[in-house]
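# Summary of the model geometry
So you can see what is in the structure, the chains are spelled out below.
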Amino acid sequence: MTPGRRLLRLASLGAALLAWQLLTSLDVDLWLRFGQFPTVPEVASKLAERASTGPYWEDLFSSLRRIVSGFALAAVLGVAAGTAIARSRVAADVLGPVLEVLRPIPAIALVPVAILLFPSNEQGIVFITCAAAFFPVLVSTRHAVAALPPAWEEAALTMGAGRGRVLLSVILPGALPGVFGGLSVGIGVSWICVISAEMISGEYGVGYRTWQDYTVVDYPGVFVGMATIGALGWLTSTAVERLGRRLTHWLPTRPRRPEPPAATGSPKPRSGRPSAEPAHT
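Quantities reported herein were computed from a predicted structural model and do not represent experimental measurements. (Residues numbered from 1 in each chain as written. Predicted model: local features only at pLDDT ≥ 70, side-chain atom pairs only at ≥ 80, totals over all residues. Heavy atoms only, no water.)

## A few points about the overall build of the protein
Rules: Only DSSP runs of H or I reaching four residues or more are called helices, and only runs of E reaching two or more are called strands; each is numbered from the N terminus. Throughout this description, buried means an accessible area under 20% of the type-specific maximum (1.4 Å probe, protein chains only), exposed means over 50%, and partly exposed covers the range between. Note on contacts: a residue pair is in contact if any heavy atoms of the two residues lie within 4.5 Å. Only the protein chains shown count as cover for residues, and the accessible areas themselves come from Shrake-Rupley with a 1.4 Å probe.
What the protein contains, in helices and strands, is 10 helices and two strands. When its helices and strands are written in sequence order, the protein yields α-β-β-α-α-α-α-α-α-α-α-α. Residues counted as buried form 32% of the 281 residues belonging to the protein. The contacts in the protein between residues at least 6 apart in sequence include a share of 71% that link residues at least 24 apart. Accessible area for the protein stands at about 18,600 Å²; split by element, carbon and sulfur atoms hold 66% of it.

## Some thoughts on the nonpolar core
What counts is decided by this rule: Nonpolar core, defined: a set of buried Ala, Val, Leu, Ile, Met, Phe, Trp, Tyr and Cys residues in which side-chain atoms within 4.5 Å join the residues together.
Counting residues in each nonpolar core, the largest one holds 47 residues, and the members touching the most others are Ile-128, Phe-134, Leu-138, Leu-183 and Trp-191. For this core, the secondary structure elements donating two or more residues are helix 3 (54–87), helix 5 (111–117), helix 6 (121–146), helix 8 (163–201) and helix 10 (219–247). The dominant element in this core, judged by the number of residues it contributes, is helix 8, at 13 residues. Leave out the neighbours within four places in its chain, and Leu-138 touches Gly-78, Ala-81, Gly-82, Ile-85 and Leu-99.

## Let's talk about the side chain of Asp-218
Residue position: Asp-218 is located in the loop between helix 9 (206–215) and helix 10. Here Asp-218 falls in the buried class, since its relative accessible area comes to 16%. Ignoring sequence-local partners within four residues, the contact set of Asp-218 consists of Lys-46, Arg-50 and Asp-213.

## Some details on the packing of helix 6 against helix 8
Two packed helices can be described by the angle between their axes and the distance between those axes. The following threshold applies: Each axis is a line fitted through C-alpha atoms, and for a helix only the stretch in contact is used; angles between axes span 0 to 180 degrees, taken between their N-to-C directions. In this scheme, roughly parallel covers angles under 35 degrees and roughly antiparallel covers those over 145, while 65 to 115 is roughly perpendicular and the rest are oblique. Helix crossings get a hand from a simple test, with the near helix turned counterclockwise from the far one by less than a right angle marking a left-handed crossing and a clockwise turn marking a right-handed one. In the scheme used here, Gly and all other residues not listed as nonpolar or charged are polar, with Ala, Val, Leu, Ile, Met, Phe, Trp, Tyr, Cys and Pro taken as nonpolar and Asp, Glu, Lys and Arg as charged.
Orientation of helix 6 relative to helix 8, taken along the N-to-C sense of each, is 155°, at an axis distance of 7 Å. On the basis of their axis angle, the class for helix 6 and helix 8 is roughly antiparallel. The element helix 6 and its partner helix 8 pack so that their crossing is right-handed. Residue composition of the contact of helix 6 with helix 8, grouped by class: 17 nonpolar, nine polar and one charged.

## Quick look at helix 2 (residues 40–51)
The criterion, for reference: An expected span of 1.5 Å times one less than the residue number is assigned to each helix. This arc corresponds to the set of directions leading from the helix axis out to the C-beta atoms.
Compared with an ideal rise of 1.5 Å per residue, which puts 12 residues at 16 Å, helix 2 spans 16 Å between its outermost C-alpha atoms and is within 8% of the ideal. Along helix 2, the residues that are buried comprise Val-43, Lys-46 and Arg-50. All buried residues of helix 2 project into a common sector of 65° when viewed along the axis, lining one side. Against helix 1 (3–25), helix 3, helix 9 and helix 10 lie the buried residues of helix 2.

## As for the layout of surface pockets
Note the threshold: Think of a 1 Å grid over just the protein atoms. A cavity is a set of points where a 1.4 Å probe fits yet cannot get out, a pocket is an open set with protein on both sides within 12 Å along at least five of seven lines, and lining residues have an atom within 4 Å of a point. Grid points are joined across faces, edges and corners, and a volume is the space filled by probe spheres set on the points.
Considering only enclosed or pocket space, the second largest pocket measures out at about 310 Å³ in volume. In terms of lining residues, the second largest pocket is bounded by 17 residues, among which Leu-110, Ala-131, Ala-132, Phe-134 and Phe-135 are the most central. When contributions to the lining of the second largest pocket are tallied by element, the ones reaching two or more residues are helix 4 (89–102), helix 6 and helix 8. At seven residues, the largest contribution of residues to the lining of the second largest pocket is made by helix 6. In terms of residue class, the lining of the second largest pocket is made up of 16 nonpolar, no polar and one charged.

## A word on the pattern of salt bridges
Keep this limit in mind: We count a salt bridge whenever a side-chain nitrogen from Lys or Arg sits within 4 Å of a carboxyl oxygen from Asp or Glu.
Following the criterion strictly, the structure yields nine salt bridges and no others. One salt bridge connects Arg-209 with Asp-59, and the closest N-O pair in it is separated by 2.7 Å. With a gap of 150 residues between them, Arg-209 in helix 9 and Asp-59 in helix 3 connect regions that are remote in the sequence. Looking at Arg-209, the relative accessible area reads 31%, which means it is partly exposed.

## Looking at the confidence of the model for the protein
Just so we agree on the cut-off: Each residue carries a pLDDT value, the predictor's own confidence for that position, ranging from 0 to 100.
This prediction gives the protein a mean pLDDT of 84; 89% of its residues lie at or above 70. A low-confidence stretch, residues 270–281 stays under pLDDT 50, and its non-local contacts, those more than four residues away or across chains, total zero contacts.

## Focus on the packing of helix 4 against helix 6
Taken N-terminus to C-terminus, the directions of helix 4 and helix 6 make an angle of 135°; their axes are 11 Å apart at the nearest point. Of the possible angle classes, the one that applies to helix 4 and helix 6 is oblique. Both helix 4 and helix 6 take part in a crossing whose hand is left-handed. Where helix 4 abuts helix 6, its residues Leu-99, Glu-100 and Leu-102 lie against Phe-134, Phe-135, Leu-138 and Arg-142. For the contact of helix 4 with helix 6, the residue count by class is five nonpolar, no polar and two charged.

In structure tokens form, the structure reads like this:
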């Protein structure tokens, strides 16, 4: 990323914070009531106060542990199930109908199921996180594997490769761009569901702490929780995208747009018409 783009992104964040500060400090009330919001300095002060205590970091790492566990499990299961459904008619007939019935159910609606199914809240929240990321990974993998050119597999088989070698050396590498598209979507959905699950049935975590702040009308604390969730989501999404770029480095990159050549010499006429001046004899 060029320094100009970094500066532009920092300026965008600064402009958002400035707008927030102006709207809250001036108590703007134009249908939207910003007078109830804490100001930027109040939230920053609360964040500094929370960051100096142990419970803040315990909640942060608890949410991260749940995300990593559930998302890793969803990635493995989603890639395996999506590949099987795309390449096997038996798997498509056995797994396809069940998964298509379950896919429209929001993961957060599985909270009662998790409470009844698992002996602890920790396992239930990891289950909900896994369910949230599983279906985006499944669908993207299924479509990515099904869209691969058949000539790739045929060429590998002609050269003597077995089915396992074709799967590991042709099918999965070829489907990686689509798989990581699903992983990028899945990590975002996972954060939505893990925070919601922590608010409903958690005992600790960023979502649980944010909800507790709301119940005691600690609005700066609520915004600290929101900022923490946003930062963690951005970090994990960036990690998934960078891992995807590293594993698919063999893909052709989009060429940069060429810059217009600098003007040299005498300027050209604006139109292609011949000059109206008579030739000197």
